[in-house]
Amino acid sequence: MFSTTESELSGLADSLYEQSGDDDEKMAELLRELPEDTAHALLTSNLTNSVQAYIYAFNEVPGEALYDLLLLHPAYQLKKGIVLESDADSKLIFIYDKSRQKFVIGVSDGEKIHAVFNGEEALERARCWAAENPFD
């Protein structure tokens, strides 16, 4: 597990921002070069934003509306989850699953997460699952 001081983590984040030129895709690439536990420590802290975590986790840049939503949320909020989409039946939540040590999209009925998806196309697979499994 990543065991460094907050100032060392902050210094690493500053260096990554400098190297990436504040480009979120480049930042995700640089984060993938780090040991996974170090990247996860940064991507669940107040030193990065949720867009960077999304690109890192799912290897895709979200659409404009989702990009704007994630940009407003610091990455530490992923520990509790960020609602990406919701309708009368379900919520799609971007969350860091600490027990699996993975970033996932969860499908929730508002009280419980019933399915989780990770990796490429996780959001689309979560949408499909939610559409095929409505909560009544």
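Before going into details, it helps to say that this report is about the structure given with it. In this text the structure is predicted, and so the values were computed from the model without any measurement.

**Some remarks on the overall build of the protein chain**
Here is step 1 of the chain: Of regular secondary structure, the protein chain possesses six helices and four strands.
Here is step 2 of the chain: Listed N to C, the secondary structure of the protein chain is α-α-α-α-α-β-β-β-β-α in terms of helices and strands.
Here is step 3 of the chain: Here the C-alpha atoms of the protein chain give a radius of gyration of 15 Å, agreeing with the 14 Å that 2.2 N^0.38 yields for 136 residues.
Here is step 4 of the chain: Residues counted as buried form 41% of the 136 residues belonging to the protein chain.
Here is step 5 of the chain: If you take every contact in the protein chain between residues at least 6 apart in sequence, the share linking residues at least 24 apart comes to 45%.
Here is step 6 of the chain: Of the accessible surface of the protein chain, which amounts to about 7,600 Å², a share of 46% is contributed by carbon and sulfur atoms.
Here is step 7 of the chain: Of the side chains in the protein chain, 11 bear a positive and 26 a negative charge, and the two mean positions are spaced by 8 Å.

**Considerations on the sheet that holds strand S1 (residues 82-86)**
Here is step 1 of the chain: Strands sit in the order S1-S2-S3-S4 across an open sheet of four strands; the sheet is antiparallel. Of all the strands in the sheet, the pair left with one neighbour each is S1 and strand S4 (113-117). With direction set aside, neighbouring strand axes in the sheet form an average angle of 30°.
Here is step 2 of the chain: Pairing analysis gives four bridges linking S1 to strand S2 (residues 91-97), with the strands arranged antiparallel. Counted as the bridge partner of glutamate 85 is leucine 92 from S2.

**So, the pattern of salt bridges**
Here is step 1 of the chain: Here the structure, examined in full by the defined rule, presents three salt bridges.
Here is step 2 of the chain: Residue arginine 100 is joined to aspartate 97 by a salt bridge in which the shortest nitrogen-to-oxygen separation is 3.3 Å.
Here is step 3 of the chain: Residue classification places arginine 100 among the partly exposed positions, given a relative accessible area of 47%.
Here is step 4 of the chain: With a relative accessible area of 16%, aspartate 97 lands in the buried category.
Here is step 5 of the chain: A salt bridge links arginine 127 to glutamate 124; the shortest N-O distance between them is 3.2 Å. A residue pair is termed a helical-turn pair when its members lie 3 or 4 positions apart in one helix, as arginine 127 and glutamate 124 do in helix H6 (residues 122-132) at three residues.
Here is step 6 of the chain: For arginine 127, a relative accessible area of 32% corresponds to the partly exposed category.
Here is step 7 of the chain: Looking at glutamate 124, the relative accessible area reads 39%, which means it is partly exposed.
Here is step 8 of the chain: By sharing partners, the salt bridges in this structure join Glu85, Glu124 and Arg127 into a single network.

**Some details on the packing of aromatic side chains**
Here is step 1 of the chain: A complete count under the given rule lists seven aromatic pairs for this structure.
Here is step 2 of the chain: Ring centres of tyrosine 54 and phenylalanine 58 lie 4.8 Å apart, and the angle between their planes is 70°; this geometry places the pair in the edge-to-face category. In this pair, tyrosine 54 and phenylalanine 58 are both assigned in helix H4 (residues 50-58), four residues apart and thus about one turn of the helix distant.
Here is step 3 of the chain: Ring geometry for tyrosine 96 and phenylalanine 103: centres 4.8 Å apart, planes at 55°, overall tilted.
Here is step 4 of the chain: Overall, tyrosine 96 belongs to the buried group, its relative accessible area being 13%.
Here is step 5 of the chain: Using a relative accessible area of 5% as the deciding quantity, one classes phenylalanine 103 as buried.

What counts and what doesn't
Residues numbered from 1 in each chain as written. Predicted model: local features only at pLDDT ≥ 70, side-chain atom pairs only at ≥ 80, totals over all residues. Heavy atoms only, no water. Helix = DSSP H or I, 4+ residues; strand = E, 2+ residues; numbered from the N terminus. Rg over C-alpha atoms; globule rule 2.2 N^0.38 Å. Buried < 20%, exposed > 50% of the residue type's maximum accessible area, 1.4 Å probe, protein only. Contact = heavy atoms within 4.5 Å. Areas by Shrake-Rupley, 256 points an atom, 1.4 Å probe, with all protein chains shown as cover. Lys, Arg positive; Asp, Glu negative; His and termini not counted. Charge placed at Lys NZ, Arg CZ, Asp CG, Glu CD. Pairing = 2+ DSSP bridges. Axes fitted to C-alpha atoms, helices over the stretch in contact; angles between N-to-C directions. Salt bridge = Lys/Arg side-chain N within 4 Å of Asp/Glu carboxyl O. Phe/Tyr/Trp six-rings, centres within 6.5 Å; stacked < 30°, edge-to-face > 60°.

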